Amino acid sequence: MATTTYSKESAGGSLTARALREGFFAGLVAFGLFILFVGLETTQNIRNELVLNQRWGLLAIFVAVAAAGRFLGVLYVQPWLAARKTAKAAVADKDVPETFLARNFSKLAILALVLMPPVAVALFGVQGSLKWVDNFGIQILIYVMLAWGLNIVVGLAGLLDLGYVAFYAVGAYSYALLSQHFGFSFWILLPLAGILAAFWGMILGFPVLRLKGDYLAIVTLAFGEIIRLVLINWTEVTKGTFGISGIPKASVFGIWSFDVGAANNFAKVFELPMSSAYYKIFLFYVILALALLTAYVTIRLRRMPIGRAWEALREDEIACRSLGINTVTTKLTAFATGAMFGGFAGSFFAVRQGFVSPESFVFLESAIILAIVVLGGMGSLVGIAVAATVMVGGTELLREMTFLKAIFGPDFTPELYRMLIFGLAMVVVMVWKPRGFVGSREPTAFLHERKAVSGSFTKEGHG
């Protein structure tokens, strides 16, 4: 008995010592990483001289958070996760019934999204709801739709595309130019922008038919940069870096308009106070419908022969060819379908902003969309939606965290650190959930009963 007690005490002491040691080293690493861009700040004075400001207090807070986080993680979080994993392994062979939330998560999420605008109006008023509907509703749904479109190319077909933002740009500029020069309405240009983006997706697909892996990623990255440079330099059509402004607004199928001076203005017809919030609420339901359409088409295609051909291509291209599958058409349909949904999102983006410029379609956008797909779990629609909500909604929430100024000082601007927090979140999720938020997969072909396959049986980064 004494031996057992002694062993437990020695194990606890060694764990505490290890936690202290790793916390100390984490603090040192944080000090080395943050000293240049947190501890030191460069500004210009009135004589355009470079002034070096020292922010040692802010640096100390960052180092203390890193050291304390690592200490608590090693001492408490890691043992808890290990015990939880052991408990889950013990009941792995038992059939655990799904909870009501797990069975109906998608339906409840759709219901919450449908009710979001009226609830926001009831809580914050018509004008007060604008921020929540636009910044948190429409912004997140745009990235959800883009990520679901890229998921067809990356998650289902296994083709690493780093230039997906090019199709987003094609859709946006197609709408902007055709609406201004030809006067087409939103409902005509929405499918037209998707078709044009799909056409460019096929153009990209032909040169990369024999490429895969890193080489495919480099070519798609170059394609995205080519599109951006064309938009910058073709000033006669795109107006270059000045962008295209004055893009016409969408209407409710031509029945009601949201232009202030129109006779059939929505607010005037229903005798409501004039506000731009009504237009944003209308756009919220439009992008919600487009996102749901993307999810529905993806689910249906995945269960069709073309969807299974995509998954076969993702797992092993040589085996896919040996089965008689035409890899040329399989790759082209994946690029075209994913690009089409990117074009839909681009045309909606142009309508929402009323202005498009090349600065909106840089490589960083492609990287963020790809990160959402990977973090959510390749091939998982629910996981991607959760990842988009966390990543995009989290960065938007930083703008609301003005209370951090009381902690880090009045000069602290939370939104400037959004990419730093975004990167740290990616590292944490990849360590904690290497196969994304949703690691399980449901096979498209099954015998008698459809069962989710654990992420342990799939390769990391694959669906």
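Just so we're clear, the structure is a prediction, and the values are computed from it rather than from any experiment.

## A short note on the packing of aromatic side chains
Argument step 1. Here the structure, examined in full by the defined rule, presents 18 aromatic pairs.
Argument step 2. Residues Phe-124 and Trp-132 carry aromatic rings whose centres are separated by 5.5 Å and whose planes lie at 20° to one another, so their mutual orientation is stacked.
Argument step 3. Ring geometry for Tyr-168 and Phe-349: centres 5.5 Å apart, planes at 55°, overall tilted. Of this pair, Tyr-168 sits in helix H5 (residues 165–182) while Phe-349 sits in helix H13 (residues 327–353), and the two are 181 residues apart along the sequence. With respect to burial, Tyr-168 and Phe-349 carry one shared label: buried.
Argument step 4. An aromatic cluster is built from Tyr-175, Phe-186, Trp-187, Phe-253 and Phe-282, whose rings are joined through pairwise contacts.
Argument step 5. Taking the ring centre of Tyr-279 as reference, the NZ or CZ of Lys-249 above it sits at 5.1 Å.

## Quick look at the environment of Val-351
Argument step 1. Position of Val-351 among the secondary structure elements: in helix H13.
Argument step 2. Taking relative accessible area as the criterion, Val-351 reaches 2% and is therefore assigned buried.
Argument step 3. In this structure, the C-alpha to C-alpha distance between Val-351 and Ala-172, residues 179 residues apart in sequence, is 8.3 Å.
Argument step 4. For Val-351, the residues in contact, after removing those within four places along its chain, are Tyr-175, Phe-186, Ala-250, Tyr-279 and Leu-283.

## A few points about the layout of surface pockets
Argument step 1. The calculated volume of the second largest pocket comes to roughly 1,100 Å³.
Argument step 2. What lines the second largest pocket is a set of 30 residues, among which Val-65, Ala-66, Gly-69, Leu-424 and Val-428 lie closest to the centre.
Argument step 3. Looking at the lining of the second largest pocket, the elements that each hand over two or more residues are helix H1 (2–39), helix H2 (56–90), helix H16 (404–408) and helix H17 (418–432).
Argument step 4. Considering each element in turn, the lining of the second largest pocket owes the most residues, ten residues, to H2.
Argument step 5. Per-class residue counts for the lining of the second largest pocket are 25 nonpolar, three polar and two charged.

Rules used in this analysis
- Here the residue numbers are simple positions, counted from 1 along each chain's written sequence.
- Residue-level local features of this predicted model are given only where pLDDT is at least 70; pairs of side-chain atoms are given and counted only at 80 or more, and the full residue set underlies all totals for whole chains, interfaces and linings.
- As a rule here, side-chain values cover all heavy atoms of the structure and leave hydrogens and water aside.
- Only the six-membered ring of Trp is used, alongside the rings of Phe and Tyr, when aromatic pairs are assigned; centres must lie within 6.5 Å, and planes under 30 degrees apart are stacked while those over 60 apart are edge-to-face, with the rest tilted.
- The numbering of helices and of strands both runs from the N terminus, where a helix is a DSSP run of H or I of at least 4 residues and a strand a run of E of at least 2.
- For every residue, the accessible area (1.4 Å probe, protein chains only) is compared with the maximum for its type, and the residue is labelled buried under 20%, exposed over 50%, or partly exposed between those bounds.
- By the criterion adopted, a ring carries a charge over it if an Arg CZ or a Lys NZ lies within 6 Å of its centre and within 35 degrees of its normal.
- Note on contacts: a residue pair qualifies if any of its non-hydrogen atoms lie within 4.5 Å across the two residues.
- Lining residues are those with an atom within 4 Å of a point, where the points come from a 1 Å grid over the protein atoms alone and group into cavities, where a 1.4 Å probe fits but cannot get out, or pockets, open sets with protein on both sides within 12 Å along at least five of seven lines.
- Grid points are joined across faces, edges and corners, and a volume is the space filled by probe spheres set on the points.
- Classification used: nonpolar for Ala, Val, Leu, Ile, Met, Phe, Trp, Tyr, Cys and Pro, charged for Asp, Glu, Lys and Arg, polar for all others including Gly.

By themselves, these observations are geometric and do not establish any function.
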